[in-house]
Amino acid sequence: MPKIELTHVTKRWDKFYAVDDLNLTIEDNAFVTLLGPSGCGKTTTLRMIAGLETPTSGRITIGDQVVFDSEAGINIPANKRKVGFLFQNYALWPNMTVYQNISFGLTNVKEALPKIDLEARKAAALLHALQRPDDVVKTIQECVDKKGKLDENKAHIKLIDRYEISLYTAKELMGCKLQDSMEPATVAKAKISELEKTLAAARQKCAAEGCELSEDFTYLKNGKPVTSVRKLSKEEIDLSVRRVARIVKIGMFMDRYPAELSGGQQQRVAIARTLAPEPAVLFMDEPLSNLDAKLRLEMRSELQRLHLETGSTFVYVTHDQMEAMTLATKICLIDNGVLQQYDAPLTVYGRPNNTFVADFVGNPAINFMDAKGAQNPDGSVALTLLDGLRATFTPAAPLDLKAWFAQTDAAAEAVRAAEAEKAKSKGHVEKGNKDVLFRHHIAKVDEEEDFGDEVELTDEDFVVGVRPEFLELSEQGALEGEIYSAMPTGMETTVKVRVGDYLLTGVVFGGVLYRIGQKIKLDFKGGELVLFSRKNGRLITQGSLKLQ
């Protein structure tokens, strides 16, 4: 499977930048989720890689092939990119059976394909099955009802799945009548002899043409497959349909119509149809959003299994951060068309690049606390937060705050200089949807209306981020609070604790009951709390917080 690379990819409509100078590498066999709020540019990114949307500028590579390059004038159409697309709307043909829906795209394929001896391949598949005649008989007899009547359709499906063969081969195997014979081994032996002659003749014919047959009966010349422009045969189409039906477990629904299926089953059909042409990359645009909560959970598990079984590269668009966390090998978090973070899910959760990432990922949401302070000689940071409460933040790794601010200020100045230089270039269009500093939310009992008033921020202004699981309620806690709300779910309880005018959210594991108004004590545990600069919103470090 190929690696996907996006280099300085931009998509704009007039002054609106849907995607702004995106650089991204999606590794081979990765499961990447494009995550972000509605309108952030994630679907546009997906559509540009797939070829459904033309970028304004930049370069996109899939494997060794450049599929788009604005400077070189390259733009390979979507149907030539070997990619599959799964939409939010399953778009199944209502007048076609499940089988017809899956096979529809395969019947239109006409391209350079390897030359295959399909009769020899079928003979080899039959030979493999007939070498265990008792197993064939047992499989067929499993489809006999209580009245002794054989359900042939069910038997065909059983044989197809058991031996990974086509329907045509399964019918021929049934035609051997092993299940009706007193000595199935004898019947099988006669058929095996006939099949061995067929295979020998096929090899002779291939050799007469100066070729040899590979293990899957492809014609090889000088070690390379012989190809010709042709359509797929009915046998090849059926093998592909049955292969994907096995993967998504819908083999028994082949003769049904979409209206006769549940939402989850329709979703599986849509996935099977997308997988049938064996795309190098599979794109999915919120494919589970139409399903109920329980079914979504089940389908997430199925998609994980599907990713491992197919070995394909999956690129998945969602605004559901729980979906992104549970499915992805990497999360690409976008806001206002700009890449915010591209990391493994637990890295995005535990070490967010900035306050936007910290706020967007996590349910319940992270607790933010504005703080003022300065670094002590020992490297810790003395802070004042929650209206006068004193605390000490101890970094998990050595930290020089002065050097950190100097470095980030220099980086910000370099970005501004580059943007000013770019603004001078011919054809440059100023970004209408300006990038602004994310305004993090401080939860309070009486919420104040935010008028967006400008506050003069300095290097002494910080934001402390505490995930709910790091808020510890115990009798030994250093801070007094009051239960504002408690929501038990069985396995855990989500509590909101009032501390003065502020509300802090915590998660308590186990069957603990709290009453509203109950006085409690709390503390901040662990060394994975996060410290941000309030001036630029960026992550400074992780560490622990001790209340004084």
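Our structure's up above, just so we're on the same page.
Calculation criteria
Residues numbered from 1 in each chain as written. Predicted model: local features only at pLDDT ≥ 70, side-chain atom pairs only at ≥ 80, totals over all residues. Heavy atoms only, no water. Helix = DSSP H or I, 4+ residues; strand = E, 2+ residues; numbered from the N terminus. Rg over C-alpha atoms; globule rule 2.2 N^0.38 Å. Buried < 20%, exposed > 50% of the residue type's maximum accessible area, 1.4 Å probe, protein only. Pairing = 2+ DSSP bridges. Disulfide = S-S within 2.5 Å. Axes fitted to C-alpha atoms, helices over the stretch in contact; angles between N-to-C directions. Contact = heavy atoms within 4.5 Å. Salt bridge = Lys/Arg side-chain N within 4 Å of Asp/Glu carboxyl O. Arc of directions from axis to C-beta. Parallel < 35°, antiparallel > 145°, perpendicular 65-115°, else oblique. Left-handed = near helix turned anticlockwise from the far one by under 90°. Nonpolar A, V, L, I, M, F, W, Y, C, P; charged D, E, K, R; others polar. Core = buried A, V, L, I, M, F, W, Y, C linked by side-chain atoms within 4.5 Å. Expected span 1.5 Å × (residues − 1).

This part is about the overall build of the chain. Across its full length, the chain holds 14 helices and 27 strands. Here the chain has a C-alpha radius of gyration of 31 Å; the compact-globule value for 548 residues is 24 Å, and the former is much larger. Taken along the three principal axes of its C-alpha coordinates, the chain extends 90 × 65 × 45 Å. Residues classed as buried in the chain amount to 47% of the 548 residues present.

Turning our eyes to something else, we now look at the pairing of strand 23 (residues 492-499). Burial analysis of strand 23 places 6 of its 8 residues in the buried class, the great majority of the element. Where strand 22 (residues 479-488) meets strand 23, 6 bridges bridge the pair, whose relative direction is antiparallel. Within the sheet, the bridge partner assigned to I483 lies in strand 23 and is V497. In terms of strand pairing, strand 23 meets strand 24 (residues 502-509) through 8 bridges, oriented antiparallel. The partner of V495 across the bridge, within strand 24, is G506. If you look at the hairpin formed by strand 23 and strand 24, you'll find 2 residues sitting between the two strands, and G500 has a positive phi there, around 65 degrees.

Moving on, we get to the state of the cysteines. With the rule as written, the count across this model stands at 0 disulfides. Of the cysteine sulfurs around C40, a residue in no disulfide, the closest is that of C332, at 8.8 Å. For C40, a relative accessible area of 2% corresponds to the buried category. In this model C176 remains outside any disulfide bridge; the closest cysteine sulfur is found in C143, 16 Å from its own.

On to the sheet that holds strand 14 (residues 313-318), then. Within a sheet, adjacent strands bond to each other through the backbone by hydrogen bonds, running parallel or antiparallel. An order of 7-13-14-3-15-16 is seen for the 6 strands of this open sheet, with the pairing classed as mixed. The open sheet is flanked by strand 7 (83-86) and strand 16 (338-343), the only strands paired with a single partner. Within the sheet, the average angular offset between the axes of one strand and its neighbour, ignoring direction, is 15 degrees. Here strand 3 (residues 31-35) pairs with strand 14 via 5 bridges, running parallel. Bridging from a neighbouring strand, V32 pairs with V315 of strand 14. Those strands touched by helix 9 (residues 263-275) are strand 7 and strand 13 (281-285), and its axis lies near 165 degrees from that of strand 7. Its contacts with the sheet place helix 10 (residues 293-310) against strand 3, strand 13 and strand 14, and it is angled at close to 155 degrees to strand 14.

Pairing in this open sheet of 3 strands is antiparallel, and the strands run 9-10-11 from one edge to the other. The open sheet is flanked by strand 9 (212-213) and strand 11 (224-225), the only strands paired with a single partner. Bridge analysis of strand 10 (residues 219-221) against strand 11 gives 2 bridges, and the strand direction is antiparallel. Directly across from K221, in strand 11, lies its bridge partner K224.

In this section: the pattern of salt bridges. In the structure shown here, the tally under the stated rule is 28 salt bridges. R296 is the salt-bridge partner of D320, the closest N and O atoms lying 3.5 Å from each other. With D320 in the loop between strand 14 and helix 11 (321-327) and R296 in helix 10, this pair connects stretches of sequence that are 24 residues apart. Classification of D320 as partly exposed rests on a relative accessible area of 22%. Salt bridges sharing common partners tie together R268, E302, R305 and E309.

So, about helix 6 (residues 167-175). Three- or four-residue spacings in an α-helix give side chains the same orientation, since the helix completes a turn every 3.6 residues. Taken as a whole, helix 6 has its buried residues at L167, T169, A170, L173 and M174. The arc enclosing the buried residues of helix 6, seen along the axis, measures out at 160 degrees, which places them on a common side. In this structure, the buried side of helix 6 is in contact with helix 3 (118-130), helix 4 (133-141), helix 5 (152-163) and helix 8 (234-248). Once helix 6 finishes, K177 follows within two positions and takes phi at roughly 60 degrees, a positive value.

This part covers the packing of helix 4 against helix 5. Axis separation between helix 4 and helix 5 bottoms out at 9 Å; the angle between their running directions is 140 degrees. With respect to helix 5, the element helix 4 is oriented oblique. By crossing handedness, the relation of helix 4 to helix 5 is classed as right-handed. Between helix 4 and helix 5, the contacting residues are D135, V136, T139 and I140 on the first element and K158, L159, R162 and Y163 on the second. A per-class count over the contact of helix 4 with helix 5 returns 4 nonpolar, 1 polar and 3 charged.

As a further point, take the nonpolar core. Counting residues in each nonpolar core, the largest one holds 44 residues, and the members touching the most others are L383, F462, V464, L473, L522, F524 and L545. Within the second largest apolar cluster, 34 residues are counted, among which are F31, L106, L282 and L303.

Now for unusual backbone geometry. For the bond running from N363 to P364, omega is 5 degrees, close enough to zero to count as cis. Its place among the elements puts P364 in the loop between helix 13 (355-360) and strand 17 (367-375). The phi torsion at K177 lies on the positive side, around 60 degrees, for a residue other than glycine. Checked against the element boundaries, K177 lands in the loop between helix 6 and helix 7 (184-208). Positive phi values are uncommon outside glycine, yet N336 reaches one of about 55 degrees. Looking at where N336 falls in the secondary structure, it is placed in the loop between strand 15 (330-335) and strand 16. N336 sits in the partly exposed class, given a relative accessible area of 21%.

Between its terminal C-alpha atoms helix 7 stretches 36 Å, which fits the 36 Å expected from 25 residues at 1.5 Å a residue. Every buried residue belonging to helix 7 is among P184, A188, K191, I192, L195, L199, A202 and C206, and all of these are buried. Looking at the buried positions of helix 7, the neighbouring elements they touch are helix 3, helix 4, helix 6, strand 9 and strand 10. Looking one or two residues past helix 7, G210 carries a phi angle of roughly 75 degrees, positive in sign.

One can find N153 in helix 5. On the accessibility criterion, N153 (52% relative accessible area) is exposed. Taking C-alpha positions, N153 is 63 Å from T541, a pair spaced 388 residues apart along the chain.

Geometry only, nothing functional implied.
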